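Now for the letters of each chain:
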Amino acid sequence: MTTKPQGSKSAGSVSEGLDHDVLILGSGAAGLSLALRLPADLRVAIVSKRELTEGNTLYAQGGISAVLHETDSIASHIQDTLDSGAGLCDPQVVKLVVERGPENVRWLLEQGVQFTRDKQASGGLGYHLTREGGHSHRRVVHAADATGRAVETTLGDVVRARPNVDILENHIAIDLITAAKLGAPENRCLGAYLLDRTSHRVRACRARFVVLATGGASKVYLFTTNPDVSTGDGIAMAWRSGCRVANMEFIQFHPTCLYHPHAKSFLITEALRGEGARLLLPDGSRLMPRFDERAELAPRDIVARAIDHEMKRLGAECVYLDISHRSPEFIGEHFPTIYARCLDFGIDITRQPIPVVPAAHYTCGGVLCDLNAQTDVPGLYAVGETAYTGLHGANRMASNSLLECLVFAELAAAHIGQMAARVPAPPATAPWDESRVTDSDEEVVVAHNWDELRRFMWDYVGIVRSNKRLERAKRRGDLLRYEIREYYSSFRVTNDLLELRNLVEVADLIIRSAQHRRESRGLHYNIDFPKCDDAVQRSPTVLIPDNYSPRPD
Ligand SMILES: Cc1cc2nc3c(=O)[nH]c(=O)nc-3n(C[C@H](O)[C@H](O)[C@H](O)COP(=O)(O)OP(=O)(O)OC[C@H]3O[C@@H](n4cnc5c(N)ncnc54)[C@H](O)[C@@H]3O)c2cc1C
């Protein structure tokens, strides 16, 4: 445990505390929809590390899966999800989420989200439904190729208009405040310490309920489709506070990220392959049919591994994704963002193939929680990519993640609503203590360790793993964790230091989970245990922190 010592307070370093009924850390699809679903008589604070809309949700392209057409069925969506999850999905959770899909899409429509319409459609509420890897039907509702932007900006506008919701942008949560940390016999989450990134002051924010909606951790890898905020903060904070985490070895690598020296993290949506795009080797031959009979529509892990294999075999810098056989009108209508962005880099996708490489994309594991999104610490919930609910198992099916954000936000809101009358205001909390720390005189340590961590995670804990690589990663990770702990206890906190502290914690959870799984399954592939083996481990990998105690219900 590495929280700052609490007690005395250095004058002028701590700004006033804040009190709310519900404190939501994170403002993506999960955090925003939760804020909107909570009863209007609860005072809510929603915290965002940068501006309100920045996060993975904003960049989601493909869409949201739900059974909306009469030719599709709940049973089929359930089966596809279970198949993608390679035997590790929780069937009860899959059923719950899939059944609530159509209703949640309707809820988004009520909030004002504009999905792409299809005038010719005989069903699907009149909206165009696309198909993505792993789905046996067209069931992905979308807003052209910028679905996340439509969802995030619409929900953001609605939240801004809510009088019961306070928005704290440019604040990063440092750690949770819990009764156990204050020495109380019964544990409960009481709030969080927040660093105001503008004034550099730390605020203690007390709340009756705290929700982690901080997104994923893909920034732990050198190459990622995720924006800078995805540093696994919620997972690390929960772990430090005594919560179990599960399935951290299952990191989804998206097969097709634009490969260009000046393009930072630009994803080429799977929907392109859903609409017929083909993956080509540098000599123009097709890549996928040799690896899977579903070819380009095979699940992402198979496609990513096939690309990784071929790039290593040929020493190629990238492979190519080609949709130029579709008409320019079709491409312009369905993929306007990708068309425009690629054109910025001199690639006309109506005439040329797109250079692509795989990149870390989605964190399937996370903070273990129940069907109400409750974690192991009473009063603490986790929703969205930061949570492990059991939906994705060993591999997330495309477009199931935004759906999971919405459904679990709804469930968490209902549970908080039920519990609200029974939970008193939290007691006074200790202010943040900066009396024993100084400003850093060696910022280079943070920058160096940040680069080192992300590179060894990419090289040793990436798409293809081995026992030796994992051991190497563990040794390097242990050293970095020790150094960062020392640094953290000596110097005043900064955004970069907090993110690095969380990344190194999450990296350790990923490495330990990967070492624990002595087989290959779903997204986890280890050349020393190349077979999927139910006799070895057909269950999630659950890591338990030293300070864990079961939640008394
Ligand atoms: C390029 C891309 C394309 C995708 N396409 C699809 C798709 O088509 N369909 C689909 O279903 N899924 C897709 N996904 C996945 C999906 O977008 C995410 O899983 C989902 O948006 C996660 O939502 P969230 O609310 O959990 O987190 P996010 O949207 O990532 O939001 C996280 C929030 O937490 C805040 N935060 C983080 N740490 C802290 C902290 N310490 N203190 C305060 N705030 C903090 C951030 O500022 C942000 O507001 C895609 C992801 C990417 C990156």
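This text goes with the structure placed above it.
Looking at this model, I keep getting lost on the nonpolar core. Mind explaining?
Nonpolar side chains in soluble globular proteins tend to be buried together. In terms of nonpolar packing, the biggest core is built from 75 residues, with Leu 25, Leu 453 and Met 457 touching the most fellow members. For this core, the element with the most residues is helix α15 (residues 495-516), which contributes 11 residues. Setting aside its immediate chain neighbours within four residues, Leu 453 contacts Val 220, Leu 480, Leu 500, Leu 503, Val 504 and Ala 507. Counting residues in hydrophobic clusters, the runner-up holds 56 residues, among them Ala 35, Val 113, Leu 155 and Val 407.

Even after reading the chapter, I still don't get the sheet that holds strand β14 (residues 354-363), so can you show me in this structure?
Adjacent strands of a sheet form backbone hydrogen bonds with each other and so pair up, either parallel or antiparallel. The sheet built from four strands is open, its strands ordered β11-β14-β13-β12 with antiparallel pairing. Bordering the open sheet on either side are β11 (251-258) and β12 (278-280), each of which pairs with just one other strand. Averaged over neighbouring strand pairs, the angle between their axes works out to 45° when direction is ignored. Sheet topology places β12 next to strand β13 (residues 319-322); three bridges connect them, and they run antiparallel. Paired with Leu 280 across the strands is Tyr 320, a residue of β13. Contacts from helix α9 (residues 300-314) reach β11, β12, β13 and β14, with the element oriented near 60° to β11.

Just to check I follow, could you spell out α9 for this structure?
Every α-helix carries 3.6 residues per turn, so stepping three or four residues along brings you back to the same face. For α9, spanning 15 residues, the distance from its first C-alpha to its last is 21 Å, which sits close to the expected 21 Å at 1.5 Å a residue. In this fold, the buried residues of α9 make contact with β11, α8 (271-274), β12, β13 and β14. Taken from the residues just after α9, Gly 315 is the one with a positive phi, measuring 65°.

What should I look at first to understand the pattern of salt bridges in this one?
Enumeration over the complete set of coordinates arrives at 38 salt bridges. Glu 310 is the salt-bridge partner of Arg 313, the closest N and O atoms lying 2.8 Å from each other. Pair noted here: Arg 313 and Glu 310 are both in helix α9, with a separation of three residues, about one helical turn. Asp 478 is the partner of Lys 474 in a salt bridge, and the nearest nitrogen-oxygen pair spans 2.9 Å. On the criterion of helical spacing, the pair formed by Lys 474 and Asp 478 is a turn pair, its members being four residues apart in helix α14 (residues 467-490). Look at the salt bridges and you will find they share partners, linking Glu 249, Arg 517, Glu 519, Arg 521, Asp 534 and Arg 538 into a network.

What's the story with the sheet that holds strand β17 (residues 387-388) in this structure? I'm lost.
Pairing is mixed across the open sheet formed by four strands, whose spatial order is β17-β15-β10-β18. Where the open sheet ends on each side, the last strands, each with one partner, are β17 and β18 (542-543). Note that strand β10 (residues 245-246) and strand β15 (residues 366-368) share two bridges and pair antiparallel. Across the sheet, the residue bridging to Val 245 is Val 367, located in β15. Against the sheet, helix α7 (residues 233-240) makes contact with β10, β15 and β18, and its axis sits at roughly 40° relative to β15, the strand it touches most.

Looking at this model, I keep getting lost on the site of the ligand. Mind explaining?
Among the 37 residues in the neighbourhood of the ligand, the closest are listed as Thr 57, Gly 63, Asp 233, Glu 385 and Ser 401. Asn 56 is positioned such that a nitrogen or oxygen atom in its backbone is 2.9 Å from an oxygen atom of the ligand. Contacts to the ligand include Leu 402, whose backbone N or O atom sits 2.9 Å from an oxygen atom. Starting from 1,000 Å² of accessible surface for the ligand in isolation, the protein chains cover 99%. Contributing elements (two or more residues each) for the shell around the ligand: α1 (29-37), α2 (56-59), β7 (171-178), β14 and α12 (400-419). Here the shell around the ligand gets four residues from one element, more than from any other, and that element is α12. Taken together, the residues of the shell around the ligand break down into 12 nonpolar, 20 polar and five charged.

Help me understand the pairing of β11, please; the structure alone is not making it clear to me.
Along any regular strand the residues' side chains alternate between the sheet's two faces. Of all eight residues in β11, eight are buried, a share of seventy percent or more. Across six bridges, β11 lies against β14 in antiparallel orientation. From the neighbouring strand, Ile 251 faces β14, where its bridge partner is Thr 363.

Explanation requested: a positive patch on the surface in the structure shown.
Taken together, Lys 468, Arg 472, Arg 475 and Arg 476 make up a surface patch of like positive charges. Here Lys 468 lies in helix α14. Taking relative accessible area as the criterion, Lys 468 reaches 57% and is therefore assigned exposed.

In this structure, what is going on with empty space enclosed by the protein? I would like to understand it.
Summary: where empty space remains is shown by rolling a probe the size of a single water molecule over the atoms. If you walk through the whole model with that rule in mind, you get four cavities of 30 Å³ or more. Its boundaries defined by the atoms lining it, the second largest cavity holds a volume of some 60 Å³. Taken together, Gly 62, His 128, Thr 130, His 142, Ala 144, Asp 145, Thr 269, Ala 271, Glu 275, His 334 and Phe 335 make up the lining of the second largest cavity. Taken together, the residues of the lining of the second largest cavity break down into three nonpolar, six polar and two charged.

Explain the packing of aromatic side chains here, please?
In this description, an aromatic ring pair is defined by two values, namely the gap between the centres and the angle between the planes. Inspection of the entire model under this criterion finds nine aromatic pairs. With a centroid separation of 5.2 Å and 75° between ring planes, the pair formed by Tyr 221 and Phe 253 is classed as edge-to-face. Pair noted here: Tyr 221 is in the loop between β9 (202-212) and α7 and Phe 253 is in strand β11, with a separation of 32 residues, a long-range link. Residues Tyr 221 and Phe 253 agree in their burial class; the two are buried. Each member of the aromatic cluster is reached from another via a ring pair, and the members are Tyr 221, Phe 223, Phe 253 and Trp 458. Lying across the ring of Tyr 460, Arg 472 places its NZ or CZ 5.7 Å from the centre.

Explanation requested: the layout of surface pockets in the structure shown.
Its boundaries defined by the atoms lining it, the second largest pocket holds a volume of some 660 Å³. Surrounding the second largest pocket, 27 residues form its lining, Phe 223, Tyr 259, Val 357, Pro 358 and Trp 458 being those nearest its centre. Looking at side-chain class alone, the lining of the second largest pocket contains 15 nonpolar, four polar and eight charged residues.

What counts, and where the lines are drawn
- Residues numbered from 1 in each chain as written.
- Predicted model: local features only at pLDDT ≥ 70, side-chain atom pairs only at ≥ 80, totals over all residues.
- Heavy atoms only, no water.
- Core = buried A, V, L, I, M, F, W, Y, C linked by side-chain atoms within 4.5 Å.
- Buried < 20%, exposed > 50% of the residue type's maximum accessible area, 1.4 Å probe, protein only.
- Helix = DSSP H or I, 4+ residues; strand = E, 2+ residues; numbered from the N terminus.
- Contact = heavy atoms within 4.5 Å.
- Pairing = 2+ DSSP bridges.
- Axes fitted to C-alpha atoms, helices over the stretch in contact; angles between N-to-C directions.
- Expected span 1.5 Å × (residues − 1).
- Salt bridge = Lys/Arg side-chain N within 4 Å of Asp/Glu carboxyl O.
- Near = heavy atom within 4 Å.
- Polar contact = N/O pair within 3.5 Å; in protein donor to acceptor, adjacent residues only side chain to side chain.
- Areas by Shrake-Rupley, 256 points an atom, 1.4 Å probe, with all protein chains shown as cover.
- Nonpolar A, V, L, I, M, F, W, Y, C, P; charged D, E, K, R; others polar.
- Patch = residues over 30% accessible without salt bridge, like charges linked within 9 Å, V, L, I, M, F, W, Y side chains within 5 Å.
- Lys, Arg positive; Asp, Glu negative; His and termini not counted.
- Charge placed at Lys NZ, Arg CZ, Asp CG, Glu CD.
- 1 Å grid on protein atoms, 1.4 Å probe; cavity = no way out; pocket = protein on both sides within 12 Å on 5 of 7 lines; lining within 4 Å.
- Points joined across faces, edges and corners; volume = space filled by probe spheres on them.
- Phe/Tyr/Trp six-rings, centres within 6.5 Å; stacked < 30°, edge-to-face > 60°.
- Lys NZ or Arg CZ within 6 Å of the ring centre and 35° of its normal.

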